[in-house]
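Listed here are the chains, written in short residue letters.
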Amino acid sequence: MSLGRAPVLLQLGLLVLLVLVPQVIQLSYLLDVLIVTVMYVGLALSYDLIVGHVGSLSLAQPAFYGIGAYAVALLSTRVGWPTVACLAAAAIIAGLLALPVGIPSFRLSQYSFAIGTLGFATVAQLVAQNWIDLTDGPMCVTGVPKASIGGLSFATLPSFYYFVLAVVIGIFLFTRRLVGSRIGRSFAAVHENELLASAVGVSPLKYKLLAFSLSAALAGVIGGMYAYYVNVVCPTELSLFITLNLLVILFIGGAGSPRGVVLGAIAGTSLPELLRLASSWRLVLFGVALLVIINFFPDGLEGGLRRIERRLARRSTSA
Amino acid sequence: MNGVLEVERITKRFFGLTVLDDVSFGVKPGELLSIIGPNGSGKTTLFNVISGFLRAERGRVRFHDTDITTWPPHAIARRGLVRTFQDVRLFAGLSALDNLRLAVQQHQEEDLLGRFVWSPKVRRMEREATHRATALLEEFGLFEQRHMRAGLLSYGQRKLLEFAMAIMPEPEVVLLDEPAAAVNPTMINTLTEHIVAYNSAGHTVVLIEHNMGVVMDISHRVLVLDSGRLIAQGPPEQVRENPLVLEAYFGR
Amino acid sequence: MALFLEQVVNGLTLGAYYALVAVGLALVFGVARLVNFAHGEFFMLGAYVLYFAYGVYHLPYGLAVLLAVLGLAAFGAVFHRLIYQPVMHRVWHVQLIATLAASFILANVAIIAVGSTQRSAATPFVTDVFTVGDMHVAYQRLLVLGVALVAFVALQQFIQRTPQGRAMRAIAQNREAAQVLGVDLAQVTRLTFVLSAALTGLAAGLVAPLYLIFPTVGSLLTLKAFAVVVIGGMGNATGALVVAFIVGLAEAFGAGYISIEYRDAIAFILMIVVLLWRPLGLMGRRVGI
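The structure presented is a predicted model; accordingly, all values stated were derived computationally and were not measured.

Looking now at the overall build of chain B. Within chain B one finds 10 helices and 10 strands. Relative to its length of 252 residues, chain B is compact, with a C-alpha radius of gyration of 19 Å against a globular reference of 18 Å. Principal axes of the C-alpha set define a box for chain B whose edges measure 60 × 40 × 35 Å. When each of the 252 residues of chain B is scored for burial, the buried share is 42%. Put simply, of all contacts in chain B between residues at least 6 apart along the chain, 67% involve residues at least 24 apart.

And the structure:
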């Protein structure tokens, strides 16, 4: 559905920019902002799978993110597994845990999924804090080694940045592919009209669970990346504030579209980080921003972009 | 039991109101059966029960001797029993082609890996689906609109698309809920032609209709429901003369 | 034995506390169809009103509680206008997100305004103890139970006997039909918010003296209240009431006899178990009061 080369060029341009930045800017502070932003892009893409594509409001993303972080932290420090194995385990554990949470939560009404996932997120936080034997509780799991694949170590900021960028680009490509595939079609069908989806043979529960599980697995990967970044994992990582951030991002960018989500994540993460707001002020600002966006810009950036594209298309076909 | 679809003693109640009362009938393979009756007689509820959207308090539904009474709707659809809805339901946000591809993809065999990886097998199935979808759209005069979002089609076009979606996976039995409702006479002819064509190809069609012209014209057999009860069944001419039927429609 | 009875009283007090909070939430869900994530912040605001009125300005305790109730009632109307009304006709998850945003705003404004230090607004009733044999019960707990009971009876009478209550029940059961009969949706939903907030304000006035007050006290409370409402059957205020007491007792005994740390998880585990067994909640999704 793209017209002309403009959007593709812009996206490529953005990619080039993202790749080149560390070469140009040596400030470690800015690199840190970039790394966090890219991680949020990945997390937002994972969140969009369940919220945007299938339309189920999950509030459990922080839990899966935290589970991934702890999986990597524990497996790398206590069992000594290499990076790729840890990240794969993070994805699998998070993805599998989504099932016992999703199955009862999807059963009741739409509301119960939101509440069920919220309950799960709360319990996860409590477990992280209190199951001292497993997680060291408030003492955190420390000493997570730097990531490395083969002989290549990602110890420096720029090298880690490239690592996380590669992973998130992979996630982006995967979700974009998924949207255009048969599965993506089924997601859209379930999102739009569950009854009708049943009538054509699509099981709503199956596809919601699939989206939820994939979303959890990807969030787990991002959590794992985070563990490799700061080398310490604490129970505070499972904070429910993450959900607020993600919702702002999805609303800014436009849920359901990978491109919109990427833009929203970049806007929604880098700006506040760069502004260096105290966390309370930032949350108030986010809350207000979210209210403003909900009320005045229901379509987000992606909606705005689409409108521009459509106008451009009309002009080019009528030419 | 040698009908392709057997409905046995179905009773359905809503809050104390009996909407279907001990309804039993069989559908012969290749038949074109119409179900008629005054408003509120339970016809759509009957469809809902048969296709798994509602659970009856009593009775069984059998499809090829398999008891599908408790099956969920998507399983029944995949088995080969497809239904349409009274208010035309399509995926407005998807293109016409995508609606059709969606309608058939659940019926194609896929392995688990194929679902994720764009394997040659999946690619072939997609090609076949697109091929058939395009042919169908052409047949229904919707080829020009194949990439259009279904929500943007005209009412008549949506009706055609809905029927196309229903027959896309070539189900053995298709339940059509008022396919000719609120449609202009030309379109009614078009739809009826397609319905009869599908039936002549050997598929079983069960129709709910109010349009007596259509019913009398194309049905092999007619069932009459009144207040949840089956009050008559037989060939169209016979049912038309039936005093019970006349009473149900024109008052007591 | 004395310990057992003390736990029973603790459990009932907790139950009354949760009930006051959960019933308000259930009402808002039943009538306005809103999943209100800022509900716990109502409690937090009420607690701070109590703290300032009683703890800082040393107003009489009864007056302080009254201020909490009235203040929250007014706030309920404000919340209705600012947060709910703009998104009243939007899809439910947009509404939920609006309340989530409000929740974060309220909690963090509180942090900025009064700081995160935990405060106490303990009344003499907390330490004064009522003794029967070996059993000691703080008067405050009995106060919570007593006043809550009165409040519930009053609420029930209001909802069953008055025209406004009738309007609430009508909207809860069939929104369109009620409106066609002339019921003003905005007015009825505003009243519901006012009631919901007032009940929570009352809970704050009664319960805050027993515990510590801090800006994020609302978040866990919101979740528990939701667990209670879901278990009882969404929108079913009676269900919420009953389940609140069950959860209160479960927590009291769980903390007393099993483990303190996971006490807060009890409500959610119960919720998941109940949802697995009875997807519609214990008392079914009978919307209405």
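Continuing now.
Before going further, it helps to examine the overall build of chain C. Across its full length, chain C carries 12 helices and 4 strands. Here the C-alpha radius of gyration of chain C, 18 Å, is about what a compact globule of 289 residues would show, namely 19 Å. Contacts in chain C between residues far apart in sequence, at least 24 positions, make up 79% of those at least 6 positions apart.

What follows concerns the packing of helix H13 (residues 279-296) of chain A against helix H4 (residues 92-114) of chain C. Between H13 of chain A and H4 of chain C, whose axes approach to 8 Å, the crossing angle comes to 150°. Classified by the angle between their axes, H13 of chain A and H4 of chain C sit roughly antiparallel to one another. Where H13 of chain A crosses over H4 of chain C, the handedness of that crossing is left-handed. Residues Ser280, Trp281, Leu283, Val284, Phe286, Gly287, Val288, Leu290, Leu291 and Ile294 of chain A of H13 of chain A form the contact with H4 of chain C, whose participating residues are Val94, Ile97, Ala98, Ala101, Ala102, Phe104, Ile105, Asn108, Val109, Ile111 and Ile112 of chain C.

Formed by 288 residues in total, the largest nonpolar core has its most connected members in Ala22, Leu50 and Val228 of chain C. The contact partners of valine 228 of chain C, leaving out residues within four places of it in the chain, are Tyr18, Ala22, Ala240, Val243, Ala244, Val247 and Ala267 of chain C.

Okay, the interface of chain A and chain C next. Taken together, the contact pairs 30 residues of chain A with 33 residues of chain C. If you list the elements that add at least two residues to the side of chain A that touches chain C, you get helix H4 (83-107), helix H5 (110-130), helix H11 (241-253) and H13 of chain A.

Residues and elements named next belong to chain B. An ideal rise of 1.5 Å per residue puts 18 Å on 13 residues; helix H6 (residues 155-167) measures up with 19 Å between its terminal C-alpha atoms. Burial analysis of H6 places 10 of its 13 residues in the buried class, the great majority of the element. Considering only its buried residues, H6 is in contact with strand E6 (81-83), helix H3 (96-105), helix H5 (120-139), strand E7 (173-177) and helix H7 (185-200).

Of the strand pairs in this sheet, strand E2 (residues 129-132) of chain C and strand E3 (residues 135-138) of chain C are connected by 4 bridges, and their pairing is antiparallel. Its bridge partner being in E3 of chain C, threonine 131 of chain C is matched across the sheet by histidine 136 of chain C.

Attention shifts here to the interface of chain B and chain A. Across the contact, 18 residues belong to chain B and 15 residues belong to chain A. Elements with a contribution of two residues or more to the side of chain B that touches chain A: helix H2 (73-79) and H3 of chain B. Broken down by element, the side of chain B that touches chain A gets its largest block of residues, 5 residues, from H3 of chain B. Taken together, the residues that form the side of chain B that touches chain A break down as 7 nonpolar, 5 polar and 6 charged.

We now examine the confidence of the model for chain B. Per-residue confidence for chain B averages 87 on the pLDDT scale, and 94% of its residues sit at or above 70. When mean pLDDT is taken per element in chain B, strand E8 (residues 204-208) of chain B scores highest with 95 and helix H4 (residues 112-116) of chain B scores lowest with 54.

What follows covers the arrangement of the chains. By contact count, the dominant pairing among the 2 pairs of chains in contact is that of chains A and C. For the non-touching pair chain B and chain C, the nearest C-alpha separation works out to 13 Å.

Residue and element names in this part refer to chain B. The sheet built from 4 strands is open, its strands ordered E2-E1-E4-E5 with antiparallel pairing. Edge strands, defined here as strands with exactly one partner in the open sheet, are strand E2 (17-27) and strand E5 (66-67). Where strand E4 (residues 58-63) lies against E5, 2 bridges are found, and the strand directions are antiparallel. Across the sheet, residue phenylalanine 63 finds its bridge partner in E5, namely threonine 66.

The next thing to look at is helix H2 (residues 39-56) of chain C. Residue and element names in this part refer to chain C. Compared with an ideal rise of 1.5 Å per residue, which puts 18 residues at 26 Å, H2 spans 25 Å between its outermost C-alpha atoms and is within 8% of the ideal. When you tally the buried positions in H2, you get 15 out of 18 residues, the bulk of the element. Histidine 58, located one to two residues past H2, shows a positive phi value of around 55°.

This next bit is on the environment of phenylalanine 120 of chain A. Residue and element names in this part refer to chain A. Mapped onto the secondary structure, phenylalanine 120 falls in helix H5. Between the alpha carbons of phenylalanine 120 and isoleucine 103 there is a distance of 12 Å; along the sequence they are 17 residues apart. When near neighbours in sequence (up to four residues on either side) are disregarded, phenylalanine 120 contacts Ala60, Ala63 and Val101.

Residue and element names in this part refer to chain C. Running from N to C, helix H3 (residues 61-84) and helix H9 (residues 185-207) cross one another at 145°; their axes reach a closest spacing of 7 Å. H9 is crossed by H3, and the crossing has right-handed handedness. The residue makeup of the contact of H3 with H9, split by class, is 17 nonpolar, 8 polar and 1 charged.

Take the sheet that holds strand E10 (residues 229-234) of chain B next. All names here are of chain B. One open sheet holds the 6 strands; their spatial order is E6-E7-E8-E3-E9-E10, and the pairing between them is mixed. Two strands close off the open sheet at either side, each with one partner strand: E6 and E10. Here the average twist between neighbouring strands, direction ignored, is 15°. Here strand E3 (residues 32-36) pairs with E8 via 4 bridges, running parallel. In the sheet register, isoleucine 35 faces E8, and the bridge partner there is isoleucine 208. Against the sheet, helix H10 (residues 243-250) engages strand E9 (221-226) and E10, with an angle of about 130° to E10.

What follows covers unusual backbone geometry. Residues and elements named next belong to chain B. The backbone phi angle of glutamate 178 is positive, close to 50°, even though this residue is not glycine. Considering the arrangement of structural elements, one finds glutamate 178 in the loop between E7 and H7. What makes glutamate 178 buried here is the crowd of 20 C-beta atoms within 10 Å.

Below, the discussion takes up the environment of leucine 31 of chain A. Residue and element names in this part refer to chain A. Within the element layout of this structure, leucine 31 appears in helix H2 (residues 28-53). Between the C-alpha atoms of leucine 31 and glycine 223, which are 192 residues apart in sequence, the distance is 19 Å. Here leucine 31 is in contact with Pro22, Leu157, Pro158 and Tyr161, once residues within four sequence places are set aside.

One face of the sheet, then the other: side chains in a regular strand alternate in exactly this way. Residues and elements named next belong to chain B. Judged by how many residues are buried, E3 sits mostly within the fold: 5 of 5 residues are covered. Here E3 shows two buried faces, one formed by Leu32, Ser34 and Ile36 and the other by Leu33 and Ile35. Judged from the 4 bridges that link them, E3 and E9 form a sheet pairing that is parallel. Counted as the bridge partner of serine 34 is valine 222 from E9.

About the criteria used
- Residues numbered from 1 in each chain as written.
- Chains lettered and ligands numbered in written order.
- Predicted model: local features only at pLDDT ≥ 70, side-chain atom pairs only at ≥ 80, totals over all residues.
- Helix = DSSP H or I, 4+ residues; strand = E, 2+ residues; numbered from the N terminus.
- Rg over C-alpha atoms; globule rule 2.2 N^0.38 Å.
- Buried ≥ 20, exposed ≤ 12 C-beta atoms within 10 Å, placed from the backbone.
- Contact = placed C-beta atoms within 7 Å.
- Axes fitted to C-alpha atoms, helices over the stretch in contact; angles between N-to-C directions.
- Parallel < 35°, antiparallel > 145°, perpendicular 65-115°, else oblique.
- Left-handed = near helix turned anticlockwise from the far one by under 90°.
- Core = buried A, V, L, I, M, F, W, Y, C linked by C-beta atoms within 7 Å.
- Expected span 1.5 Å × (residues − 1).
- Pairing = 2+ DSSP bridges.
- Nonpolar A, V, L, I, M, F, W, Y, C, P; charged D, E, K, R; others polar.
- pLDDT = per-residue confidence, 0-100.

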